[in-house]
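Listed below, chain by chain, are the residues.
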Amino acid sequence: MAHIRILKHYFHVPFLLLGLVEGVVLVGSVYLAAFFRFDSMEAMVDLGVGPLWPRAVLFALLVLVSMTAMGVYQARGREGLSGVTLRTAVSYFFGAASLFVIFYLFPSLYLGRGVLIMAAVISFVTLLFMRAALSQVVGEDTLKRKVLVLGAGERAKIIQDKVQAEGETRGFLLCGFVAAPDESVAVDPSRIIPQSGTLLNLAEQYDVEEIVVAIDDRRRYFPLDELLDCKMGGIDVVDIINFFERETGKVEVGLLHPSWLVFSDGFSHGATRDLFERWFDVGVSALLFLITWPVMIITICAIWLEEGFGASIFYRQTRVGLDGRHFDVFKFRSMRENAEQGVAQWAATNDDRITRVGQIIRKYRVDELPQFINVLKGDMGLVGPRPERPEFVDQLVDRIPFYSDRHRVKPGITGWAQLCYPYGASEQDAKMKLKYDLYYVKNHSLMLDVLILVQTVEVIIFGKGAR
């Protein structure tokens, strides 16, 4: 099984298992470092340091969270061992910095510099060795799910296009297509598998684990009995929309129909969950505001140095929020004053309206920091679809199906689309980002919010997607 669903979000099983094994390595490295440092674990306790297991678990958790934030466990990462090494090294730096803060706040958890350094070195070398060995021993296709596509028309061709696109086949291995009777073939004819017996026999012949139903016209042909036999025979049967949702983390709007929205197991709300999410937004926003206020002061000074003491610092703009309500969003001004005259414009690459300071604060998302005010006011959440301007929303609702459904949840400072897709500044970009926004609206939970916030650290540090 290539994926597992936890609290409505799909996780790549091999990376979950890898994280579990590496967590054990991290815990074990602390015990091994203590043994080398004090000759025995009992000696460490006798010296008054205290029980080792909570310190070992804390060390492992912080390093694992840091590696997640740095994208070490991203299934689509294609940077090789050198890229993983760099990201892991940065993860250890932030993990160590977090530990020192915790040691300062809670001195009783202090581990000791000698043990900490030795544990970091032992675990770092062990993790890199494990990853290098794993890449040599386990083939890339070994952990992939074998998939057979029922259909060979336009819908099936979308899967073929995804297979050919780099980074879209990390979770599955396409065995081939089975054409429906009298169906117009749109896929590569060489990938079509002739069906001489039953669909179950064909699936067993190719050792298929999952059948994806991608028939263009189900009213003319839908082999219900054969699919039921496959299901009862232990082979998963999934609709093409659900398949793409799991494999790509987005909802294919072009395949979407209203009945899927009605019967899908998502888009749910509850007063208790909304209350917990509100507490989470307020608490984390207040904490981040306290942490980042020095950066805000530096940004204010930089704007004044470039444009003069009288230059405006903040930028207020009307955006569309929850249920289509309008609100004013706060940002540090990154464009020159009066940059827009009359008609609203999308931001462009190398936009000459952006100031020198604006280029820097946009790249590292510093211009978004004043939006903590919007979160505290309740207009926005920490995580959600990015709010758009009413002028653009009016156009996009008319041109893009289901676009208004992204307003079923509060907009956010960061979001699933911001992690998965570059900066959007056109109608085509809006269509692509809507796929990720709908995935978030359908599956949003507190756990997914935390995951997005952690991975946003990578976006900030590496300046991904900025314009």
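Residues numbered from 1 in each chain as written. Predicted model: local features only at pLDDT ≥ 70, side-chain atom pairs only at ≥ 80, totals over all residues. Heavy atoms only, no water.

1. Quick word on the overall build of the protein
And then number 1: Helix and strand counts for the protein come out as 17 helices and ten strands.
And then number 2: Counting every position in the protein, which comprises 467 residues, the buried fraction comes to 48%.
And then number 3: Taking as baseline every contact in the protein between residues at least 6 positions apart, the subset at least 24 positions apart corresponds to 74%.
And then number 4: Of the roughly 23,300 Å² of accessible surface on the protein, a fraction of 62% belongs to carbon and sulfur atoms. (Helix = DSSP H or I, 4+ residues; strand = E, 2+ residues; numbered from the N terminus. Buried < 20%, exposed > 50% of the residue type's maximum accessible area, 1.4 Å probe, protein only. Contact = heavy atoms within 4.5 Å. Areas by Shrake-Rupley, 256 points an atom, 1.4 Å probe, with all protein chains shown as cover.)

2. Digging into the side chain of Ser334
And then number 1: Examined against the element boundaries, Ser334 turns out to sit in the loop between strand E8 (326-332) and helix H12 (356-363).
And then number 2: On the accessibility criterion, Ser334 (6% relative accessible area) is buried.
And then number 3: Setting aside residues up to four positions removed in sequence, Ser334 forms contacts with Arg353, Ile354, Thr355, Gly358, Ile361, Arg362 and Asp367.

3. So, the nonpolar core
And then number 1: Core analysis: the biggest nonpolar cluster contains 63 residues, and Val149, Ile159, Val212 and Ile240 have the highest contact counts within it.
And then number 2: Apart from residues lying up to four places away in sequence, Ile240 is in contact with Arg155, Ile159, Val212, Val213, Ala214 and Leu255.
And then number 3: Counting residues in hydrophobic clusters, the runner-up holds 32 residues, among them Val25, Ala33, Met70 and Ile102. (Core = buried A, V, L, I, M, F, W, Y, C linked by side-chain atoms within 4.5 Å.)

4. A few points about the sheet that holds strand E6 (residues 236-239)
And then number 1: With parallel pairing, the four strands of this open sheet are ordered in space as E4-E3-E5-E6. Sheet topology places strand E4 (172-178) and E6 at the edges, where each strand pairs with a single neighbour. Shown here is a sheet whose adjacent strand axes are inclined to one another by a mean of 25°, direction ignored.
And then number 2: Where strand E5 (residues 210-213) lies against E6, four bridges are found, and the strand directions are parallel. (Pairing = 2+ DSSP bridges. Axes fitted to C-alpha atoms, helices over the stretch in contact; angles between N-to-C directions.)

5. Considering the pattern of salt bridges
And then number 1: A complete count under the given rule lists 24 salt bridges for this structure.
And then number 2: Note that Arg145 is salt-bridged to Glu210, the shortest N-O span being 3.5 Å. Of this pair, Arg145 sits in strand E3 (residues 145-150) while Glu210 sits in strand E5; the two residues are 65 residues apart in sequence, bridging distant segments of the chain.
And then number 3: Notably, a salt bridge pairs Glu306 with Arg356, separated by 3.5 Å at the nearest N-O pair. (Salt bridge = Lys/Arg side-chain N within 4 Å of Asp/Glu carboxyl O.)

6. Re helix H16 (residues 427-443)
And then number 1: Under the 1.5 Å per step criterion, the end-to-end length of H16 is 24 Å for 17 residues, consistent within 8% with the ideal 24 Å.
And then number 2: Largest kink in H16: about 25°, centred on Leu434.
And then number 3: Taking burial as the measure, the 17 residues of H16 include 14 buried ones, the bulk of the element. (Expected span 1.5 Å × (residues − 1). Bend = angle between axes of the 7 residues up to and from the residue.)

7. Examining the packing of aromatic side chains
And then number 1: By the definition in use, this model includes ten aromatic pairs.
And then number 2: For the ring pair Phe314 and Phe332, a centre distance of 5.4 Å and an interplane angle of 20° mean the geometry is stacked. Taken together, the positions of Phe314 in strand E7 (residues 314-320) and Phe332 in strand E8 put the pair 18 residues apart, joining distant regions of the chain.
And then number 3: Members of the aromatic cluster, each reached through a chain of ring pairs, are Phe172, Phe243 and Phe244. (Phe/Tyr/Trp six-rings, centres within 6.5 Å; stacked < 30°, edge-to-face > 60°.)

8. A few points about the packing of helix H1 (residues 13-38) against helix H3 (residues 53-69)
And then number 1: Orientation of H1 relative to H3, taken along the N-to-C sense of each, is 135°, at an axis distance of 8 Å. Comparing the axis directions of H1 and H3 gives the class oblique. The two elements H1 and H3 meet at a crossing, and its hand is right-handed. Facing Gly19, Glu22, Gly23, Leu26, Val27, Ser29, Val30 and Tyr31 of H1, the residues of H3 in contact are Trp53, Ala56, Val57, Phe59, Ala60, Val63, Leu64 and Met67.
And then number 2: A per-class count over the contact of H1 with H3 returns twelve nonpolar, three polar and one charged. (Parallel < 35°, antiparallel > 145°, perpendicular 65-115°, else oblique. Left-handed = near helix turned anticlockwise from the far one by under 90°. Nonpolar A, V, L, I, M, F, W, Y, C, P; charged D, E, K, R; others polar.)

9. Quick word on the environment of Arg353
And then number 1: Checked against the element boundaries, Arg353 lands in the loop between E8 and H12.
And then number 2: Spatially, the C-alpha atom of Arg353 lies 8.5 Å from that of Ser334, the residues being 19 residues apart in sequence.

10. Some details on a nonpolar patch on the surface
And then number 1: A cluster of nonpolar side chains, namely Leu275, Phe276, Trp279, Leu446 and Val450, defines an oily patch on the protein surface of about 480 Å² accessible area.
And then number 2: Secondary structure elements with two or more residues in the nonpolar patch: helix H11 (271-307) and helix H17 (446-462).
And then number 3: At three residues, H11 tops the list of elements feeding residues into the nonpolar patch.
And then number 4: Within the secondary structure layout, Leu275 lies in helix H11.
And then number 5: Overall, Leu275 belongs to the partly exposed group, its relative accessible area being 41%. (Patch = residues over 30% accessible without salt bridge, like charges linked within 9 Å, V, L, I, M, F, W, Y side chains within 5 Å.)

11. Focus: unusual backbone geometry
And then number 1: Positioned with a positive phi, Asp323 is a non-glycine residue whose angle comes to about 60°.
And then number 2: The residue Asp323 is located in the loop between E7 and E8 in this model.
And then number 3: A residue is classified by how much of its surface remains accessible, and Asp323, at 53% relative accessible area, is exposed.
And then number 4: Although it is not a glycine, Arg365 adopts a positive phi angle of roughly 65°.

12. Digging into the pairing of E3
And then number 1: Summarising burial for E3: five of the six residues are buried, a large majority.
And then number 2: Pairing analysis gives six bridges linking E3 to E4, with the strands arranged parallel. By the bridge assignment for E4, Arg145 is matched with Phe172.
And then number 3: Here E3 runs beside E5; their pairing, made up of four bridges, is parallel. Within E5, the position partnered with Val149 by the bridge is Val212.

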